[in-house]
Amino acid sequence: MMLSAVFIILAGVGTTYLLWKPEPQSAEWRNSTDKATISWESTNRITPHQTTLVSRPYNIVLVTVNLLRVDHLSVYGYGRPTTPAMEELAQESFVFSNMFTNADYTMPNMMSIITSLYPPAHGVFDAFKDELSSRISTLGQILKISGYDTSWYALQMPHLDVNVGFGRGYDTIVELQKDYSNVHDITEWIKGRTDSPFFIGINSRSIHPPYIPPPEFKDAFADGGSKGEMASTEEEFNREWYYNILELMETPGSVMDGVISKETIEANPEVFNGEYAARKIFRIQDLMPEDKKIRFGFTHMMTFLAMVDPGNPDNLEYAVSLYDACILGIDQKLVLPILDALKESGHYDDTIIIITGDHGESLGEHLYVGHNNNFYEQLLHVPLIIRYPELDRRVNIGHMAQSVDIMPTLLELIDIKKPFHTQGKSLTPAMEDTGSKPINDFVYGAKRAQAYVRNQDWKLVIDLERDKSEKICKWARLYNIKNDPGERTNLCREETEQLEAMLNELVTHLDTTPKYIDKEYQFIPEIDEKTRKRIKETGYW
């Protein structure tokens, strides 16, 4: 594998409602939809619905899933049965078909979910550096002081570090394993609740590359495609990972060049002898100096990216089958056990359940596999399912919603006053009347170097480090999402009036949104300049 080339890529990246409809897949860059037909319009047709929501102290289970793009969920009409448990849940839920994230990677968007602040307002972009202001109350803190028992389950480091602010307000904090081996911690906690209402916050990274589904689902959708160099098991991936680390150690200028001293290598010949054993990978991590251990994560993602060929439709088809199988794993090994525990413990009828994505994933679109890439639709468009105890049917809602709307919606449903800093809007008007006026005319997102604004038909993406001058079309991108859902044609130069309107909207939003950043944080001393550059450009380590 050409790992040096991969490293170069890594270091350099940086009322009427119109339903968004996924673009038909093109054979030149993506597998055919013959095996996974999308029946988006029929599944998500707006449901005429009017009701009065009753606010009371319901229990809350908030499930956020990493890399969960909406158009690969059968609950939204995807042809493969990826989400049977969610489909059953949706039969008594509000299902939002136009839900968008405020960032296209985990750290800033998860912070937006739990604070109802846009990313520039909370300023939490970079791992090992940023922290949430002490002036801001998270959803966990608000519910804790309101008498809720609270618990948080997630892979904490580095992107959901509890010390950054993600751990605020919780009685119980547990590291949620990617292999589902401790989901029983969640279900047992549910069964142990008695008097107080409870809140469970969950973030699962079980879909995250290298797309290793649970063994029982590995071949669930493997009906074609070419495996290429991709790993289909953890053991396959770890073997390749081990050899790639050794190769990088011998490659001048690589991320592992000179990281482990010659003396350390000579003192541990059994680790570096080229005979694979899974334990050796993490032994290598142990032997790395503390100020260089951050680079260990680089080698993991580099190994995955070297395995996938986004220009090969057959290889992408295989990758998509694994991705879909991972979603099935989330559905059956995380969502289903939680639903069963709620029912068995007698809590189900008193519990609001929310399922959403912290961002999506690119699966070959624009010849890219991954995320945190230019705010494309597949990275922003995620599910939002809100199970409300008094609802006995599926209600499809076409209103545009965004991540910052989740907290104010939940607080209104349980009759708790929202905090002063709330920037999102409650979605309850749409839940009470699906024909009501739009809640959001626009949705917004930002990271360090880019920002976007989107309405029902158009999306503008700008570079925040460039001058917003008459030369804007050299780097800005304007898409007609209605006619060009694949975002292939930049209309910046052709649609000058639309560009001006969208740019004014976005600049006004960025300039007028209050910010709650106490200070400009610095990276911890152990993070070297090369790593700092990567984190700033991509959000990832």
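Preceding this paragraph is the structure being described.
Numbers given to residues run from 1 along each chain, matching the order in which its sequence is written. Per-residue local features of the predicted model are confined to residues with pLDDT of at least 70, and side-chain atom pairs are confined, for both listing and counting, to 80 or more; whole-chain, interface and lining totals are unaffected and use all residues. Side-chain metrics in this entry use all non-hydrogen atoms of the structure; hydrogen atoms and water are not considered.

Chemist: When you look at the overall build of the protein chain in this model, what are you seeing that I'm missing?
Modeler: Helix and strand assignments follow DSSP, with helices taken as H or I runs no shorter than four residues and strands as E runs no shorter than two, numbered in order from the N terminus. For the protein chain, the helix and strand inventory stands at 17 helices and 14 strands. All accessible areas in this document rest on Shrake-Rupley with a 1.4 Å probe, and a residue is counted as covered only by the protein chains that are shown. If you sum the accessible surface of the protein chain, you get close to 20700 Å²; carbon and sulfur atoms cover 48% of it.

Chemist: Looking at this structure, how should I read the packing of aromatic side chains?
Modeler: The description of two aromatic rings rests on the distance between their centres and on the angle between their planes. Centres within 6.5 Å are what make two rings of Phe, Tyr or Trp a pair, Trp counting through its six-membered ring; a difference in plane orientation under 30 degrees is then read as stacked, over 60 as edge-to-face, and the rest as tilted. Going through the model one piece at a time under the given rule, you end up with 18 aromatic pairs. Measuring from ring centre to ring centre gives 5.9 Å for W189 and F198, while their planes differ by 90°; the resulting arrangement is edge-to-face. The buried category is assigned to W189, whose relative accessible area is 10%. A residue is classified by how much of its surface remains accessible, and F198, at 0% relative accessible area, is buried. Each residue is assigned to one of three classes by its accessible area relative to the maximum for its type, calculated with a 1.4 Å probe on protein chains only: buried under 20%, partly exposed between the two thresholds, exposed over 50%.

Chemist: Explain the pairing of strand β9 (residues 381-387) to me, please; I cannot follow it from the model alone.
Modeler: Within a regular strand, the side chains alternate between the two sheet faces. For β9, the buried fraction is high: 7 of the 7 residues fall into the buried class. The alternating pattern of β9 places H381, P383, I385 and R387 and V382, L384 and I386 on opposite faces, both of which are buried. One ladder, built from 6 bridges, connects strand β2 (residues 93-100) with β9; its direction is antiparallel. Following the sheet pairing, F100 is matched in β9 by H381. DSSP bridges decide pairing: two strands pair if at least two such bridges lie between them. Strand direction decides the pairing type here: strand β6 (residues 351-357) and β9, joined by 4 bridges, are antiparallel. Across the sheet, I354 pairs through a bridge with I386, a residue of β9.

Chemist: How do you make sense of helix α14 (residues 406-413) when you look at a structure like this?
Modeler: Three or four residues apart is the spacing at which side chains of an α-helix point the same way, because the helix has 3.6 residues per turn. Across the 8 residues of α14, 7 count as buried, placing the element largely inside the fold. All buried positions along α14 are accounted for by I406, M407, P408, T409, L410, L411 and L413. Just beyond α14, the residue with positive phi is D415, at close to 60°.

Chemist: Would you mind showing me how to read the packing of helix α7 (residues 183-191) against helix α12 (residues 313-344) here?
Modeler: Describing two packed helices takes the angle between their axes plus the distance from one axis to the other. Lines fitted to the C-alpha atoms define the axes, with helices restricted to the stretch that makes contact. Angles between their N-to-C directions range from 0 to 180 degrees. Contact geometry for α7 and α12: axes closest at 9 Å, N-to-C directions at 15°. Viewed along their axes, α7 and α12 adopt a mutual orientation that is roughly parallel. For α7 against α12, the interelement crossing comes out right-handed. Listed contacts from α12 to V183, I186, T187, I190 and K191 of α7 are K333, L334, P337, I338, A341, L342 and E344. Roughly parallel here means an angle under 35 degrees, roughly antiparallel means over 145, roughly perpendicular means 65 to 115, and every remaining angle is called oblique. Crossing chirality is assigned from the near helix's rotation relative to the far helix, an anticlockwise turn below a right angle marking it left-handed and a clockwise turn marking it right-handed. In this analysis, two residues are considered to be in contact whenever any of their non-hydrogen atoms come within 4.5 Å of each other.

Chemist: What am I meant to see in the environment of A220 here?
Modeler: Note that A220 resides in the loop between β5 (198-204) and α8 (234-249). Residues A220 and T82, spaced 138 residues apart in sequence, show a C-alpha to C-alpha distance of 9.2 Å.

Chemist: What am I meant to see in the sheet that holds strand β1 (residues 59-65) here?
Modeler: Note on sheets: strands pair through backbone hydrogen bonds, and any given pair is parallel or antiparallel. Taken together, the 8 strands give an open sheet; going across it, the order is β4-β3-β5-β1-β6-β9-β2-β10, and neighbouring strands pair in mixed fashion. A strand with exactly one partner marks an edge of an open sheet, and here the two such strands are β4 (172-175) and β10 (395-402). Taken over all neighbouring pairs, the strand axes of this sheet differ in orientation by 15° on average, direction set aside. Judged from the 6 bridges that link them, β1 and β5 form a sheet pairing that is parallel. For V65, the partnering residue across the bridge sits in β5 and is S204. Contacts between helix α4 (residues 106-115) and the sheet are confined to β1, β3 (149-154), β5 and β6, with β1 contributing the most and set at about 165° to the helix. The strands that α7 touches are β3, β4 and β5; relative to β5, the one it contacts most, it runs at about 170°.

Chemist: Where do I start with the environment of V335 in this structure?
Modeler: Within the element layout of this structure, V335 appears in helix α12. For V335, a relative accessible area of 3% translates into the label buried. Sequence separation of V335 and M86 is 249 residues, and the distance between their C-alpha atoms is 7.5 Å. In this structure, V335 is in contact with A85, M86, I330 and I355, ignoring residues within four places of it in sequence.

Chemist: Help me understand the sheet that holds strand β14 (residues 477-480), please; the structure alone is not making it clear to me.
Modeler: Spatially, β11-β12-β13-β14 is the arrangement adopted by the 4 strands of the open sheet, whose pairing is antiparallel. The outermost strands of the open sheet, each flanked by one partner alone, are β11 (443-446) and β14. Strand-to-strand, the axes of this sheet are offset by a mean angle of 10°, without reference to chain direction. Relative to β14, strand β13 (residues 458-463) runs antiparallel, the two being bridged by 4 bridges. Along β14, the bridge assignment pairs V461 with R477. On the sheet, helix α16 (residues 496-512) packs against β11, β12 (450-454), β13 and β14 and is oriented at approximately 60° with respect to β13.

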